[in-house]
Amino acid sequence: MMNELEGNVDDRDLALALRRLDDAVVVPEADPLREAALMAAFDAAQERRAGASAGSTCIWRDSRRRPRF
Amino acid sequence: MQESDEELIAAVAAGDREAFAALYRRRRPDVYRFALHMTGAPAAADDVAQDVFMTVIQEAARYTPGRSGVIAWLLGIARNHARRRLSARRYEPMPPPGAEPAVMADPADGIARGRQVEALRQALGSLPLAYREAVVLCDLQELTYQDAAVAAGCAIGTVRSRLHRGRQILAATMRGERRAFAPWPAAEWL
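Residues numbered from 1 in each chain as written. Chains lettered and ligands numbered in written order. Predicted model: local features only at pLDDT ≥ 70, side-chain atom pairs only at ≥ 80, totals over all residues.

**Concerning unusual backbone geometry**
All names here are of chain B. In this model, Glu-142 sits at a positive phi of 60°, which is unusual for a non-glycine residue. Its location among the elements puts Glu-142 in the loop between helix H6 (129-140) and helix H7 (145-152). Among the residues examined, Glu-142 registers 13 C-beta atoms within 10 Å and is labelled partly exposed. (Helix = DSSP H or I, 4+ residues; strand = E, 2+ residues; numbered from the N terminus. Buried ≥ 20, exposed ≤ 12 C-beta atoms within 10 Å, placed from the backbone.)

This is the structure:
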């Protein structure tokens with residue numbers, strides 16, 4: 001039969017147990033290949049943005065400077 | 001002086017490569033932990049962490065300072081990726097024995113504590129997803145209710161009620177597990 005103490009799991013005890021669970025997690029070192037892939041993706045995104053920005057600026061200037069006939 | 005998360009994300013949005021690398025190194029462990037608790041699989045947690053920072057590359061400018069902390073924003077992204085993977089996993093076989101997450105109990109604490117951690121991990125993994133999110137965000141990641149609500153995409157009251165229900169289920173599960181481990185005293189178990 002379950003005794004009183006066994007049946008009394010309150011939030012504080014649970015929080016403590018959850019804390020132990022989190023403390024027990026081993027976070028592996030970042031994989032250099034994954035990190036390199038991220039940095040390459042970042043660089044590619046910046047290049048795309050720079051290209052898009054330059055392109056849109058060019059179109060805007062072209063439209064402003066287009067001579068009227 | 002070390003830049004804050006908010007300063008880093010603003011720099012990332014402005015195209016600062018070093019800021020992105022710094023944010024990744026600083027916050028990847030938080031994202032990985034969250035993803036591991038949500039998915040229960042180290043490989044999936046690694047993939048989710050990668051997906052999150054891929055998303056950051058595209059979406060950094062969408063972070064709104066003041067609405068939530070950067071961690072909550074990152075975990076909100078992680079939540080979406082983790083849900084997607086969990087949804088896909090329903091059609092895959094369960095991971096084989098021995099492929100469970102890397103959870104290391106302190107050897108000095110003995111077998112009982114190791115079993116306790118493992119039992120709790122299983123109980124957490126069996127919680128309904130919405131309750132698991134609330135428990136992981138509030139009790140493990142220690143976010144405020146407001147930040148947890150932003151990360152989970154719901155109202156603060158909803159986070160509170162999900163957290164309450166999740167804790168109830170976990171406590172009930174733990175009581176059942178503790179009975180199964182009768183040789184260990186109750187105080188030792190939790």
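That was the structure; now back to the text.
**Some points on the packing of helix H2 (residues 17-39) of chain B against helix H3 (residues 42-59) of chain B**
Residues and elements named next belong to chain B. Contact geometry for H2 and H3: axes closest at 8 Å, N-to-C directions at 135°. Comparing the axis directions of H2 and H3 gives the class oblique. In the packing of H2 onto H3, the handedness of the crossing is right-handed. Residue-level inspection shows Tyr-24, Arg-28, Val-31, Tyr-32, Ala-35, Leu-36 and Thr-39 of H2 in contact with H3, the latter providing Pro-42, Ala-44, Ala-45, Asp-46, Val-48, Ala-49, Val-52 and Phe-53. (Axes fitted to C-alpha atoms, helices over the stretch in contact; angles between N-to-C directions. Parallel < 35°, antiparallel > 145°, perpendicular 65-115°, else oblique. Left-handed = near helix turned anticlockwise from the far one by under 90°. Contact = placed C-beta atoms within 7 Å.)

**So, the environment of Pro42(B)**
Among the structural elements, Pro42(B) can be located in helix H3. Classification of Pro42(B) by C-beta neighbours within 10 Å gives buried; the count is 21.

**Details of the domain arrangement of chain B**
Where the parts come together, the accessible area they lose is often given as the size of the interface. Residues and elements named next belong to chain B. With domains assigned, chain B is organised as domain 1 (1-92) and domain 2 (103-190). In this complex, domain 1 contributes 13 residues to the contact, which on the side of domain 2 involves 15 residues. At the level of secondary structure, the elements contributing two or more residues to the side of domain 1 that touches domain 2 comprise H2 and helix H4 (70-89). With five residues, the top contributor of residues to the side of domain 1 that touches domain 2 is H4. A per-class count over the side of domain 1 that touches domain 2 returns five nonpolar, five polar and three charged. (Domains from an automatic or database assignment. Nonpolar A, V, L, I, M, F, W, Y, C, P; charged D, E, K, R; others polar.)

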